[in-house]
Amino acid sequence: LCSTITTRFKGTDGRPSAPLGSRILTSPDDVFNHNMWDHIQWTEEDIENARQKAEENSSVQIPLHEQRKFDFQAREFWDKFYTMHQDKFFKDRKWLLFEFPELLPSGATNMPHASGASTDTENQQRHHNSPAHHQKQTSGDPSSCQGADAEKDEDSRRTFPGQHASFRILEVGCGVGNSLFPIIHSIRETNAFLFCCDFSPCAIRLLKANPEYDECVCHAFVHDICEETACLPFPPQSLDAILAVFVLSAIHPDRLQGVVNRLSSYLKHGGIFLFRDYGRYDFSQLRFKKGQCLSENFYTRGDGTCVYFFTKGETHHLFTNAGLEEVQNLQDRRLQVNRGKKVAMLRVWTQSKYRKP
């Protein structure tokens, strides 16, 4: 272990300008002193070993006729997950606003303490928020929903939650609020408003039952972002920021472009789409067994939830095809350590920011 760690952690030049953590391993003797190390340099051997493991665990795929349930019963799987775990499974993402300061309107000063900035764990990332995904229903106030061909002047006359706010955010796949509540704490004294949706009714019920939920600054609703005709409770070009954190990976890859296209239509010109998700060859991808693969780099877990592993190139293609311009597109490579078992795991996440011209 020590010899590979020595070569693996030599170089930290060219680190991203975004924070992405600041705990750098400079000596292999220190590897088990912390749970996570940032800005890890992979060797060619690391990459080849990961490629071989992914190739092996995807060599046996689930038959096509059995795959439909993972798509069309997704809400059921996520509802079971939240019914079992309630709001106890995840920790609040205190690092969120350090990586995505674009979520704060100008003048917001109530930043969270930095202690959570570099402590991503498998549980925090594994399921996180269920995707606002396959529920076949509309959401929000039906009387305020407009058809896709509604005129802009009609939209401008609509009344909707947060319409008087000068800064509006949408979080998709909000789950029980582990990203939402850190944002609420920072925008409460500003003229900002936060929309959040999830396709799991159980998740939204749990979120609204939280005493921190505040309808003065937030509107939570059940919504399926894969449903092409479902309405959102605000008009197109009305959002300053959209946040998708460990959400798009749970959607079938064939649906992703349509989802990003539709969501992007709700951004104002100059608005930004903020994305963080699993990266190709992350440790969690390499742990899958044969027979759990649905298609290339797309897997199902034992509880029926699904996960896709992105490359930077795929991320760039996804957002630029939706008419957005790259601001940031990074791979966040870290070493996660189980200090009790003396096990080191190479983690990969993709983090991106794309702006509407």
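Residues numbered from 1 in each chain as written. Predicted model: local features only at pLDDT ≥ 70, side-chain atom pairs only at ≥ 80, totals over all residues. Heavy atoms only, no water.

- Per an unreviewed UniProt entry, the protein is named tRNA N(3)-cytidine methyltransferase, and its organism is Tetraodon nigroviridis.
- In its Sequence similarities (unreviewed entry) section, the UniProt record describing the protein reads: "Belongs to the methyltransferase superfamily. METL family." (UniProt positions renumbered as here; feature names shortened; annotations may be inferred.)

### Examining the overall build of the protein
So, step 1. Scanning the protein from N- to C-terminus turns up 12 helices and 11 strands.
So, step 2. Per-residue burial for the protein yields a buried fraction of 54% across its 357 residues.
So, step 3. Taking the intrachain contacts of the protein between residues at least 6 apart in sequence as the baseline, contacts between residues at least 24 apart amount to 77%. (Helix = DSSP H or I, 4+ residues; strand = E, 2+ residues; numbered from the N terminus. Buried < 20%, exposed > 50% of the residue type's maximum accessible area, 1.4 Å probe, protein only. Contact = heavy atoms within 4.5 Å.)

### With respect to the packing of aromatic side chains
Any two aromatic rings considered together are summarised by their centre-to-centre distance and by the angle between their planes.
So, step 1. Under the definition given, this model contains 14 aromatic pairs.
So, step 2. Pairing Phe195 with Phe234 gives two aromatic rings, centres 4.6 Å apart and planes at 50°, and the pair type is tilted. Of this pair, Phe195 sits in strand 3 (residues 192-198) while Phe234 sits in the loop between strand 4 (218-222) and strand 5 (239-245), placing them 39 residues apart in sequence. Here the two residues Phe195 and Phe234 agree in accessibility, since each one is buried.
So, step 3. An angle of 90° between the planes, with centres 5.4 Å apart, marks the rings of Phe234 and Tyr266 as edge-to-face. Of this pair, Phe234 sits in the loop between strand 4 and strand 5 while Tyr266 sits in the loop between helix 10 (253-264) and strand 6 (267-278); the two residues are 32 residues apart in sequence, bridging distant segments of the chain. (Phe/Tyr/Trp six-rings, centres within 6.5 Å; stacked < 30°, edge-to-face > 60°.)

### Focus: helix 10
So, step 1. Taking 1.5 Å of rise per residue, the 12 residues of helix 10 would be expected to cover 16 Å, and the 17 Å separating its terminal C-alpha atoms lies within 8% of that figure.
So, step 2. For helix 10, every residue scored as buried is listed here: Leu256, Val259, Val260, Leu263 and Ser264. Along helix 10, the residues classed as buried sweep out an arc of 115° about the axis, all on the same side.
So, step 3. Looking at the buried side of helix 10, the elements it contacts are strand 2 (167-172), strand 5, strand 6 and helix 12 (312-320). (Expected span 1.5 Å × (residues − 1). Arc of directions from axis to C-beta.)

### Regarding the pairing of strand 2
So, step 1. In terms of burial, strand 2 is a largely internal element, 6 of the 6 residues being buried.
So, step 2. Alternating residues of strand 2 divide into Phe167, Ile169 and Glu171 and Arg168, Leu170 and Val172, and every residue in both groups is buried.
So, step 3. For the crossover that starts at strand 2, traverses helix 8 (residues 180-187) and ends in the parallel strand 3, the hand is right-handed. (Right-handed = clockwise from strand over helix to strand, strands pointing away.)

### Observations concerning the sheet that holds strand 9 (residues 306-308)
So, step 1. Taken together, the 3 strands give an open sheet; going across it, the order is 7-8-9, and neighbouring strands pair in antiparallel fashion. The open sheet has two edge strands, strand 7 (293-295) and strand 9, and neither has a second partner. When the angles between neighbouring strand axes are averaged without regard to direction, this sheet yields 30°.
So, step 2. As paired strands, strand 7 and strand 8 (residues 298-300) are joined by 2 bridges and run antiparallel to one another. Considered in strand 8, the bridge of Cys293 is made with Tyr299. (Pairing = 2+ DSSP bridges. Axes fitted to C-alpha atoms, helices over the stretch in contact; angles between N-to-C directions.)

### Overview of the nonpolar core
So, step 1. Grouped together as the largest cluster of nonpolar side chains are 51 residues, with contacts concentrated most on Leu103 and Ile183.
So, step 2. With 5 residues, helix 8 is the largest single contributor of residues to this core.
So, step 3. Judged by nonpolar contacts, the second largest core, of 37 residues, contains Phe193, Ile242, Leu263 and Tyr266. (Core = buried A, V, L, I, M, F, W, Y, C linked by side-chain atoms within 4.5 Å.)

### Some points on the state of the cysteines
So, step 1. Using the criterion set out here, one finds 0 disulfides in the structure.
So, step 2. Its sulfur unpaired, Cys174 is 4.0 Å from the next cysteine sulfur, which belongs to Cys196.
So, step 3. Under the relative-accessibility criterion, Cys174 is labelled buried at 0%. (Disulfide = S-S within 2.5 Å.)

### Structural notes on the pairing of strand 6
So, step 1. Counting buried positions along strand 6 gives 9 out of 12 residues, so the element sits mostly inside the fold.
So, step 2. Bridging between strand 5 and strand 6 involves 6 bridges; their strand directions are parallel. When the sheet's bridge partners are listed, Val245 is paired in strand 6 with Arg276.
So, step 3. Between strand 5 and its parallel partner strand 6, the chain crosses via helix 10, and the hand of that crossover is right-handed.
So, step 4. Summarising the sheet, strand 6 and strand 11 (residues 343-355) pair through 7 bridges and their orientation is antiparallel. Bridging from a neighbouring strand, Phe275 pairs with Ser352 of strand 11.

### Some remarks on the sheet that holds strand 1 (residues 36-37)
So, step 1. In space, the 8 strands of this open sheet follow the order 1-10-11-6-5-2-3-4, with mixed pairing throughout. The sheet terminates laterally at strand 1 and strand 4, the two strands that pair on one side only.
So, step 2. In this sheet, strand 11 lies alongside strand 10 (residues 325-338) in antiparallel orientation, the contact comprising 13 bridges. Bridge pairing links Leu335 to Leu346 in strand 11.
So, step 3. The sheet contacts of helix 8 involve strand 2, strand 3, strand 4 and strand 5, and relative to strand 3 the element is tilted by about 170°.

### Notes on helix 12
So, step 1. When we look at burial in helix 12, the residues that qualify are Thr315, Leu318 and Phe319. Along the axis of helix 12, the buried positions cluster into a sector of 85°, meaning they face one direction only.
So, step 2. On its buried face, helix 12 is in contact with helix 10, strand 6, strand 10 and strand 11.

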